[in-house]
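One-letter residues, chain by chain:
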Amino acid sequence: MKSVEEIYGNLDCIAMTTIAPELPQALEVIQKLTDRGIIVSLGHSTASIAEGEKGVWSGASFITHLFNAMLPFHHRDPGLVGLLASDQIPKDRTLFYGIIADGNHTHPATTRIARRANKEGVVLVTDACSAMGLIDGVHHIGQQVVEIQETKAVIQGTNTLCGSVATMISCVHYYWKTTECSIVEALEAATLHPAKLLGIEKHKGTLEFDSDADLVFLTPLDLQVKSTYIAGKCVYRNEKFNSFDWSNPKLNHTPT
């Protein structure tokens, strides 16, 4: 732990970090970070399932980018992916996992497998880089030369993904359509579940009384974003929907 503090400095501003549990002293670091209120995720790792289970017992509560930057699933040792169905981890808490639901980082079948194994723990993430929103073509992002090809971003001249260009609503839509889950379940994977992971579900991720007034209004059939509110103030409004018919709100919005 001393070496972690020497390298990264003061940890008071850290809310979450990813650690490979197979590294030397990783379990000790996981436990000490967890004791300090820092959420530890397992990822960027070659860990076996047994090493992953030890990481969870030490306090880890999340898996970073399921299926990516980890050993592929194997029937004799499923690695970190196997934690979704493990019976050797604490049964009194939910193990959450992030999945990049952009159609490039995960095949539709793997998305469905993950949901069927543990739908309560899924957290949708975009893994979006700063190229999100840019047109197809070559762009210079920092020191990298990134090529956008429709829905994916790759290092120019290769097929190597360098993040994604997905938006959160596109991930919600992809997860909803790919898994054929309910709209509520898809929305909770982007709202309630991450709030629970972070321990802020009493005021984020729900529409419960006294929660923060952070709202997104969506069309009910195709989940287009109509407007976004932060702390009760409108910060975005889609010009395609310039008015609300509050007499029939079901025709206008699905808040989350």
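Here the structure is a predicted model, which means the values were calculated and not measured.

(A) Summary view of the packing of helix 4 (residues 108-117) against helix 5 (residues 168-179). In contact at an axis separation of 9 Å, helix 4 and helix 5 are set at 80 degrees when each is read in the N-to-C sense. Between helix 4 and helix 5, the angle is such that the two are roughly perpendicular. Touching Pro108, Thr111, Arg112 and Arg115 of helix 4 are Tyr174, Tyr175, Thr178 and Thr179, all from helix 5. Considering only residue class, the contact of helix 4 with helix 5 consists of three nonpolar, three polar and two charged.

(B) Spotlight on the packing of aromatic side chains. Tallied over the full model, the rule gives one aromatic pair. Ring geometry for Phe217 and Tyr229: centres 5.6 Å apart, planes at 70 degrees, overall edge-to-face. Here Phe217 is found in strand 10 (residues 215-218), whereas its partner Tyr229 is found in strand 11 (residues 225-230), with twelve residues between them in sequence. A single burial state applies to Phe217 and to Tyr229, both of which are buried. One Lys or Arg, Lys177, reaches over the ring of Trp176 and ends 4.4 Å from the middle of that ring.

(C) Expanded view of the nonpolar core. With 43 residues, the main nonpolar core has Leu33, Ile63, Leu66, Leu83, Leu124 and Tyr175 as its most contacted residues. Of all the elements in the fold, those that place two or more residues in this core are helix 2 (26-35), strand 2 (39-42), helix 3 (49-57), strand 4 (96-100), strand 5 (122-125), helix 5 and helix 6 (183-190). Look past the residues within four positions of Leu124 in its chain and what remains in contact with it is Ile99, Ala101, Met168, Cys171, Val172, Tyr175, Ala186, Ala189 and Ala190. Ile100, Val123, Val125 and Leu197 belong to the second-largest nonpolar core, a separate cluster that totals seven residues.

Cut-offs and rules
Residues numbered from 1 in each chain as written. Predicted model: local features only at pLDDT ≥ 70, side-chain atom pairs only at ≥ 80, totals over all residues. Heavy atoms only, no water. Axes fitted to C-alpha atoms, helices over the stretch in contact; angles between N-to-C directions. Helix = DSSP H or I, 4+ residues; strand = E, 2+ residues; numbered from the N terminus. Parallel < 35°, antiparallel > 145°, perpendicular 65-115°, else oblique. Contact = heavy atoms within 4.5 Å. Nonpolar A, V, L, I, M, F, W, Y, C, P; charged D, E, K, R; others polar. Phe/Tyr/Trp six-rings, centres within 6.5 Å; stacked < 30°, edge-to-face > 60°. Buried < 20%, exposed > 50% of the residue type's maximum accessible area, 1.4 Å probe, protein only. Lys NZ or Arg CZ within 6 Å of the ring centre and 35° of its normal. Core = buried A, V, L, I, M, F, W, Y, C linked by side-chain atoms within 4.5 Å.

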